[in-house]
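# Breakdown of the fold
Residues per chain, in single letters:
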Amino acid sequence: MVKLTFVQPDGASRTVDAEPGVTVMEAAKLNDIPGIEAECGGACACATCHVYVDPEWVDKTGKPEAIEEDMLDFAFDVRKESRLSCQIKVTPDLDGLTVRVPAKQF
Amino acid sequence: MALDEAVAVTGATEIDAVVIGAGPVGLFAVFELGLVDIKTLVIDILDRPGGQCAELYPEKPIYDIPALPTVTGQELTDRLLEQIKPFGAQFVFGERVDELQRGEDGRFHLKTDAGREIVAKVVVIAAGGGSFTPKRPPLEGIEAYEGKSVHYAVRRMEDFRGKDVLIVGGGDSALDWTLNLAPLAKSLTLMHRRDEFRGAPHSVEQMRALVAEGKVSLVIGQVTKLHGETGNLEAVTAKTSDGAEQRLAVNAILPFFGLTMKLGPVAHWGLNLNENLVLVDTEKFETSEKGIFAVGDINWYPGKLKLILSGFHEVALMAQQAHKYVHPEKKLMFQYTTSSSSLQKKLGVK
Ligand SMILES: Cc1cc2nc3c(=O)[nH]c(=O)nc-3n(C[C@H](O)[C@H](O)[C@H](O)COP(=O)(O)OP(=O)(O)OC[C@H]3O[C@@H](n4cnc5c(N)ncnc54)[C@H](O)[C@@H]3O)c2cc1C
Ligand code: FES
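Residues numbered from 1 in each chain as written. Chains lettered and ligands numbered in written order. Predicted model: local features only at pLDDT ≥ 70, side-chain atom pairs only at ≥ 80, totals over all residues. Heavy atoms only, no water.

### What about the sheet that holds strand β17 (residues 273-274) of chain B?
All names here are of chain B. Short version of the rule: Here, any two strands with at least 2 DSSP bridges between them count as paired. Put simply, DSSP H or I for four residues or longer makes a helix, DSSP E for two residues or longer makes a strand, and each gets a number counted from the N terminus.
Strands sit in the order β17-β18-β20 across an open sheet of three strands; the sheet is mixed. Of all strands in the sheet, those with a lone pairing partner are β17 and β20 (299-300), marking the two edges. For strand β18 (residues 277-279) and β20, the ladder comprises two bridges, and the chain directions are parallel. Looking at β20, one finds that V278 is bridged to N299.

Laid out in structure tokens, this is it:
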């Protein structure tokens, strides 16, 4: 199991266990993390699973691919650490990953 | 809307059945209704058929359509259109059904946002996740500016003449309106979060040429705040990619952030709902109002799965009951398309 921490805009945080192979979005949904809507179910087609990856983890999670960048155009308040959480696969490397949930998904 | 008013309006289209929504399930409803001699008119707020399949994932493969091991959202739409062609359904695109009421004659009276009126014997709601509506940027107080200074579509280009216009986005809508409105506007700024555009390459080139000529200014950044009073915008604050804040004097904004699905008018038609979904029975897929059916993603019943496959099943059963309302005098005989010469005639099989 890999530990993932989700930080809410008000600072509240929760750490959950995720099975390697699922996506960060799926881990959030399985654990009822508020603020991750994922309307399209992980198809990189809705941009409502937007998160900010903790700057210390940006190297490990990697950069978004072109289709994810295109989809990020539909998210709000996009920053350098912005990712769509359905496009980040949980691997043992990501044990301890912290992501922040934006104030609004639109 | 009272019945006498509705009837007084000339030019109301009369039809057996109105299908609200041209997603995969609405399209297949045309087929099943057609087999039982029910003529249909299909309305969708989008400008083309296919619903979620065409709008959200046209290029992505679907793997759970029986007998089609893999088919993309667009292919599925195209194949459905081919399959329903023999029934000659009428299509209305770019209009949203806003009103639905039963008139005193027992038929249903519908009205679209464009004022079109339709009278039908049965109504099939195949509205999916709801009508596609433009995403509203979550900027504080934006509602007050909507319709006055913030517009999600261009209805009349003239409305932008002589204005300081800001267009936000990086796709075709943002680029097309930049090119079209630049000659009319007093000033035109295009803002996008990154210096890469998803739109058609030649539009991007034309936009860059206008920027080089000084006719359009390009800002790489995002709007963070709106300034103005009583719906009249005076300026926006933008955060540029380097983190700096900039104030831009503008009095009209066109934000293009794609579409999202909202239940919309369906909620106001007096039907029994369950958490934003229309309750139906599982024999006829009829709502709490006789003669109004709900099929596909918009309906709910115990065990409901939002699958295209399930929607296809629902419309077949729905059509049996619809036949009773539309052709009460006729007895419906169960038939197979493989062996029934009358069904084959309807399908144009030679
Ligand atoms: C990314 C993604 C992947 C998917 N993958 C699969 C899959 O693999 N297999 C599967 O079975 N399903 C899949 N689905 C789900 C599938 O797309 C839906 O179940 C299906 O589209 C539902 O069809 P529908 O016709 O009920 O509604 P929709 O496709 O949602 O179409 C409804 C239409 O009604 C219109 N409408 C709504 N209200 C109004 C109104 N008042 N006036 C006018 N028009 C209106 C809307 O504009 C829309 O075009 C997927 C969905 C997504 C988003
Ligand atoms: S869940 Fe829709 S883009 Fe990630």
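### What about empty space enclosed by the protein?
What counts, and what does not: Each cavity reported here is a set of points on a 1 Å grid over the protein atoms alone in which a 1.4 Å probe fits but cannot get out, each pocket an open set with protein on both sides within 12 Å along at least five of seven lines, and each lining residue one with an atom within 4 Å of a point. Grid points are joined across faces, edges and corners, and a volume is the space filled by probe spheres set on the points. When residues are sorted by character, Ala, Val, Leu, Ile, Met, Phe, Trp, Tyr, Cys and Pro go into the nonpolar class, Asp, Glu, Lys and Arg into the charged class, and all the rest, Gly among them, into the polar class.
Applying the stated criterion to the full structure yields one cavity of 30 Å³ or more. Estimates place the volume of the largest cavity at around 180 Å³. Around the largest cavity, the lining is made up of 19 residues, and of these F76(A), V168(B), Q222(B), V223(B) and F257(B) lie nearest the centre. Elements with a minimum of two residues in the lining of the largest cavity: β11 (187-192), β12 (217-229) and β15 (252-255) of chain B. For the lining of the largest cavity, a count of residues per class yields 12 nonpolar, four polar and three charged.

### Section: the layout of surface pockets
Residues and elements named next belong to chain B. Considering only enclosed or pocket space, the second largest pocket measures out at about 540 Å³ in volume. Breaking the lining of the second largest pocket down by element, the ones donating at least two residues are α2 (24-35), α8 (308-326) and α9 (341-346). For the lining of the second largest pocket, a count of residues per class yields 11 nonpolar, four polar and five charged.

### Let's talk about the packing of α2(B) against α8(B)
Residue and element names in this part refer to chain B. Heads up, the rule is: Note on geometry: axes are C-alpha line fits, over the in-contact stretch for helices, and angles between N-to-C directions span 0 to 180 degrees. Definitions for this section: a left-handed crossing has its near helix turned counterclockwise from the far helix by less than a right angle. A right-handed crossing has that turn clockwise. For this analysis, residues touch if any pair of their heavy atoms sits within 4.5 Å.
Following both chains from N to C, one finds α2 and α8 inclined at 35°, their axes separated by 9 Å at the closest point. As for the relative orientation of α2 and α8, their crossing is right-handed in sense. Each of P24, V25, F28, A29, E32 and L33 in α2 lies in contact with α8, whose residues at this interface are I308, G311, F312, V315, A316, M318, A319 and A322. A breakdown of the residues in the contact of α2 with α8 according to their chemical character gives 12 nonpolar, one polar and one charged.

### So, the site of ligand 1
To keep things clear, this is the line we draw: A cutoff of 4 Å decides nearness: a residue is near a molecule or strand if any of its heavy atoms lies inside that distance of it. Polar contacts, as counted here, are pairs of nitrogen or oxygen atoms within 3.5 Å of one another; within protein the pair requires one atom able to donate a hydrogen and one able to accept it, and residues that are adjacent in sequence qualify only if both atoms are side-chain atoms. Residue burial considers only the protein chains on display, and all accessible areas are found by Shrake-Rupley using a 1.4 Å probe.
Within the structure, ligand 1 sits among 35 residues, and D44(B), Q52(B), Y57(B), D64(B) and D297(B) are positioned closest to it. At the site occupied by ligand 1, the surrounding residues belong to chains A and B. With respect to ligand 1, the side chain of Y57(B) contributes an N or O atom lying 2.6 Å from an oxygen atom. Interatomic distance of 2.8 Å between a side-chain N/O atom of D64(B) and a nitrogen atom of ligand 1. Computed on the free molecule, ligand 1 has an accessible area of 990 Å², of which 92% lies beneath the protein chains in the complex. Secondary-structure elements contributing two or more residues to the shell around ligand 1 are α2, β2 (40-44), α3 (51-55) and β9 (131-134) of chain B. Ranked by residues supplied to the shell around ligand 1, first place goes to α2(B) with three residues. Here the shell around ligand 1 is built from residues that sort into 19 nonpolar, 10 polar and six charged.

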